[in-house]
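What follows is each chain in one-letter form.
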Amino acid sequence: MEKYIFEIKNLNIYYHDFQAVKSVSVAIPPHVITAIIGPSGCGKSSFLRSMNRMNDLIPNSRLTGEILFHGVDIYDPLISEVSLRRRVGMVFQKPNPFPFSIFDNVAYGLKIQNIKDKAMIAERVEESLKRAFLWDEVKDRLKKPALELSGGQQQRLCIARALAVYPDTLLLDEPCSSLDPLATAKIEELLQKLKKEVNIIIVTHNLQQAKRISEYVGFFNSGELVDFGPTKEIFERSEQSMVGRYIQGIFG
Amino acid sequence: MFFLAALKKYNLQTNGPNTVFLILVMLFFCFAIAMLFMLLASIFYDGFLRINWQFLTQFPSRNPQMAGILSSWVGSLYLMILTGIIAVPLGVGAAIYFEKYAKKNWFNHLMEINIGTLAGVPSIIYGLLGLALFVRIMSLDRSLIAGALTLALLILPIIIISSREAIRNVPSFMQDGALALGATRSQVIKTIIIPLSFPGILTGIILALSRAIGETAPLIAIGALTYIAFLPENILSPFTALPIQIFNWISRPQALFHQNAAAGIIVLISITLLLNMSAVFLRDYFDRKNNK
C-alpha cells in the first residue's frame, strides 16, 4: 500500500503579484480525513484547489513546485486536468447543484463520460445517493428539481454527484459553512463513513469540526503551512505556539 | 382639491421638491403615452375597416380596394426565418467565443467596442453594404437571401450583445461544479451554459427579429421590389415585405391606398407586439423551469 496520496513539494501559488501559498511541502496519507484550518485568506482554499487544478481557471494564477498524486506530477503537461478531476472530486462552500432533476445531477458526471447505459446510470445514481445518506429522503422524487431540496440535502447531493464518478479523493472546501448544526452533523457522520472508501481532504474554519472528524490536520497562516500532523498532537501542542493561540480562539 | 389636501400632509419644506419632481415625471410619462396612443388611434381609425380576410389573402393591385398583403406578409415571414437561420448561429457562436474563449487582449477589446458601435449604426448603412456585397459582388440580385443576409448583418450585433449578457449571467459556481466533475470546456458550454442562458438568448433573438421585421430602409436600399404578385419560390426569388408594401402605399396620392397602408401598419404592429409578448412569456417560462 502507498504511503501517501498527495506529496506536495515546495508549492507556491501566485495571483498577479500576490503570493497566496508560500513554499508548502507536505505529504497527505490515505484513508483518513485530513483537515486544513487557518484564518480567512490564509491560502488554504488555494492550496486545496491546486490539488485538482481548479486553480488553473483563475486568470493570472501561477504555480511553482510539484504536486504528486499517487506519485504522478499533476502539473505535467502530459496530464489532462479533465481526467485528473474525474479522480479528484470537489465539493464547494456553497451547495451548487445544477438546476436539473435530482437524478440528472448525480448522473451528470457519468453522462459527460459518454456513458449511455441507462440501467448502469440508474444503478450508479442509487448507489451514490445511498453512499451520501440521501437516498431515503429523495428516492420517491428523483425527477424533482434539485433546487427544491434543503441546503443540507443539496450539499449531500453535491457529495453524491462527486461520488458517482468513483473518485479516489474528495476535496471539500468548507462544505458546512452555510449549513445549520443538524445538517453539519449529518455531513460529518457521512464523511466518517466515506473515509474508508475515499480519501478526504477538507478545508474548514470550524476548529471543533476539524478536531471531531479529522485524523490529520494542517494549519495555514498567511500562505504558509505552519504545522501539520496527527490531529491529537496538534491540538495538544503548547498553548504558546501560534497554532495553539489560534486554536484557543485568541487570534484569527 | 383632493390633490392639495394630500399634499398638505407632507412637510412642504422637505417633501416639496420631491413632489414637484414626481409631478413633472408623471407629466412627461403621460405626454409620451398620449403621443403613442394618438398615433395608434389615428392608424386604427384609418385602417381598421380595411382589415379582413381578403386583405390578408390578396396580392397587391392597382385597385386599392382589391389590393392585399399576401405577398408582403409571406415575404416578411420567409425573410424572418432566413434571417434567423443566418444570424442566430453566428451571433450566439460569437457570444460564446467572446465570453468563454477570447483572451483579454487589445484586439478582442477593439472587437467588442466595434460590435457595440455596429449595434448603433443606421440601418440604411447596412442596406448599402448589402447592395454592394450581396446584390452586386455576390450577384444574388434582389433576392430573399440577399435581403435576409442584409437583415442578419443588421441584427447580428444585437444578438451578440444580448447573448453575451445572458451567458455572463450563468453563475460561475455552476460551471465550477461541472468542471470539478471532469467536464471539458465544450461540455460545460453544451450542458450548462447554453441551457442556463437559453431564456436570455431566446429573448434577445426574438427582440432582434422584431426589430428586423419592421426595417424598411435596408430593404429599399438593396432594391427589393414593391410590386410582387406571386409568392417567392426559393431563396433566390425576388420578394417584397410588409414595411416595403406600406412604404409603397403611403407614397401613392390616393387616399384609399393610405387606408391600405394603415391596415398594413396594424398587421405589422400586431406581429411585433406578438413577438415581444412571446419573448417575455418564453423568458418567464424558462426561468421558472430552470429555477424550480
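Residues numbered from 1 in each chain as written. Chains lettered and ligands numbered in written order. Predicted model: local features only at pLDDT ≥ 70, side-chain atom pairs only at ≥ 80, totals over all residues.

Would you mind going over the overall build of chain A with me for this structure?
Regarding its fold elements, chain A presents 10 helices and 10 strands. Principal-axis analysis of the C-alpha atoms places the extent of chain A at approximately 55 × 45 × 40 Å. Within the span of chain A, comprising 252 residues, buried residues form 43% of the whole. The contacts of chain A with a sequence gap of at least 6 include a subset with a gap of at least 24, amounting to 69%. (Helix = DSSP H or I, 4+ residues; strand = E, 2+ residues; numbered from the N terminus. Buried ≥ 20, exposed ≤ 12 C-beta atoms within 10 Å, placed from the backbone. Contact = placed C-beta atoms within 7 Å.)

Which parts of the structure should I look at to understand the overall build of chain B?
In terms of helices and strands, chain B carries 12 helices and zero strands. Helices (α) and strands (β) of chain B occur, in sequence order from the N terminus, as α-α-α-α-α-α-α-α-α-α-α-α. Taking the principal axes of its C-alpha atoms as reference, chain B extends roughly 65 × 65 × 40 Å. Relative to its full complement of 292 residues, chain B shows a buried share of 36%. Intrachain contacts of chain B at a sequence separation of at least 6 include 75% that bridge at least 24 residues.

I tried to follow the pairing of strand β10 (residues 224-230) of chain A on my own but got confused; where do I start?
Regular strands place their side chains on alternate faces of the sheet. Sheet analysis places strand β9 (residues 216-221) of chain A next to β10(A), joined by six bridges and oriented antiparallel. Bridge pairing links A:V217 to A:G229 in β10(A). (Pairing = 2+ DSSP bridges.)

Any chance you could explain the sheet that holds β10(A) here in plain terms?
Residues and elements named next belong to chain A. Pairing within the open sheet is mixed, and its six strands lie in the order β6-β7-β8-β3-β9-β10. Edge positions in the sheet fall to β6 (88-91) and β10, since each of these pairs with one other strand and no more. Across the sheet, the axes of successive neighbouring strands diverge by a mean angle of 15°, strand direction being ignored. With four bridges joining them, strand β3 (residues 33-37) and β9 adopt parallel strand pairing. Bridging from a neighbouring strand, A35 pairs with V217 of β9. (Axes fitted to C-alpha atoms, helices over the stretch in contact; angles between N-to-C directions.)

Can you walk me through the sheet that holds strand β2 (residues 18-28) of chain A in this structure?
Sheet strands pair via backbone hydrogen bonds, and the direction of the pair is either parallel or antiparallel. Residue and element names in this part refer to chain A. Taken in spatial order, the four strands make up an open sheet running β2-β1-β4-β5, and their pairing is antiparallel. Only two strands of the sheet have a single neighbouring strand rather than two, namely β2 and β5 (72-73). Where strand β1 (residues 6-15) lies against β2, seven bridges are found, and the strand directions are antiparallel. Bridge assignment links I8 to a residue of β2, and that residue is V26.

I keep staring at the domain arrangement of chain B and nothing clicks. Help me out?
How big an interface is tends to be stated in terms of the accessible area lost upon association of its parts. All names here are of chain B. Here chain B is described as being made up of domain 1 (14-50) and domain 2 (54-172 + 200-291). Inter-centroid distance (C-alpha atoms) of domain 1 to domain 2 is 29 Å. In this assembly, six residues from domain 1 lie in contact with eight residues from domain 2. Class assignment of the residues belonging to the side of domain 1 that touches domain 2 gives a composition of three nonpolar, one polar and two charged. (Domains from an automatic or database assignment. Nonpolar A, V, L, I, M, F, W, Y, C, P; charged D, E, K, R; others polar.)

What is the right way to look at the interface of chain B and chain A in this model?
Each side of the interface is counted separately: chain B has 17 residues, and chain A has 23 residues. Every element with two or more residues in the side of chain B that touches chain A is listed here: α8 (172-180), α9 (185-212) and α12 (255-291) of chain B. Of the residues forming the side of chain B that touches chain A, the biggest block, six residues, is contributed by α8(B). Residue composition of the side of chain B that touches chain A, grouped by class: eight nonpolar, seven polar and two charged.

When you look at the packing of helix α4 (residues 70-101) of chain B against α9(B) in this model, what are you seeing that I'm missing?
The description of two packed helices rests on the angle between their axes and on the distance between the axes. All names here are of chain B. Where α4 contacts α9, the two axes come as close as 10 Å, and the packing angle between them is 135°. The angle between α4 and α9 falls in the class oblique. With respect to the hand of their crossing, α4 and α9 are arranged in right-handed fashion. When α4 is examined against α9, the residues M80, T83, G84, V88, V92, I96 and K100 are found in contact with a partner set consisting of I189, I201, I205, L209 and A212. (Parallel < 35°, antiparallel > 145°, perpendicular 65-115°, else oblique. Left-handed = near helix turned anticlockwise from the far one by under 90°.)

Any chance you could explain the nonpolar core here in plain terms?
Note that soluble globular proteins tend to have their nonpolar side chains buried in a common cluster. By size, the foremost hydrophobic cluster in this structure holds 131 residues, and its most contacted members are A:A160, B:I155 and B:I159. The element contributing the most residues to this core is helix α7 (residues 144-168) of chain B, with 17 residues. (Core = buried A, V, L, I, M, F, W, Y, C linked by C-beta atoms within 7 Å.)

I would appreciate a short explanation of the packing of α7(B) against α9(B) in the present structure.
Residues and elements named next belong to chain B. At a closest axis distance of 8 Å, the pairing of α7 and α9 adopts a crossing angle of 150°. With respect to their mutual orientation, α7 and α9 come out roughly antiparallel. In the packing of α7 onto α9, the handedness of the crossing is right-handed. Each of L151, L154, I155, I158, I159, S162, S163, E165, A166 and I167 in α7 lies in contact with α9, whose residues at this interface are I193, S197, G200, I201, G204, I205, A208, L209, R211 and A212.

Please explain α9(B) as it appears in this structure.
One turn of an α-helix holds 3.6 residues; hence residues three or four places apart share an orientation. Along its 28 residues, α9(B) runs just 33 Å from first to last C-alpha, ending more than 12% under the 40 Å computed at 1.5 Å per residue. If you look at α9(B), its biggest bend is around 60°, right at B:F198, and the proline B:P199 turns up within four residues after that. (Expected span 1.5 Å × (residues − 1). Bend = angle between axes of the 7 residues up to and from the residue.)

How should I be thinking about the confidence of the model for chain B in this particular structure?
When pLDDT is low, close inspection of the predicted coordinates is not appropriate. Put simply, chain B has an average pLDDT of 89, and 94% of its residues get 70 or more. The ipTM assigned to the predicted complex is 0.90, against a pTM of 0.83. (pLDDT = per-residue confidence, 0-100.)

What exactly am I supposed to notice about the pairing of β6(A) here?
All names here are of chain A. Of the two faces of β6, the one holding V88 and M90 and the one holding G89 and V91 are both buried throughout. One ladder, built from four bridges, connects β6 with strand β7 (residues 169-173); its direction is parallel. Within the sheet, the bridge partner assigned to M90 lies in β7 and is L171.

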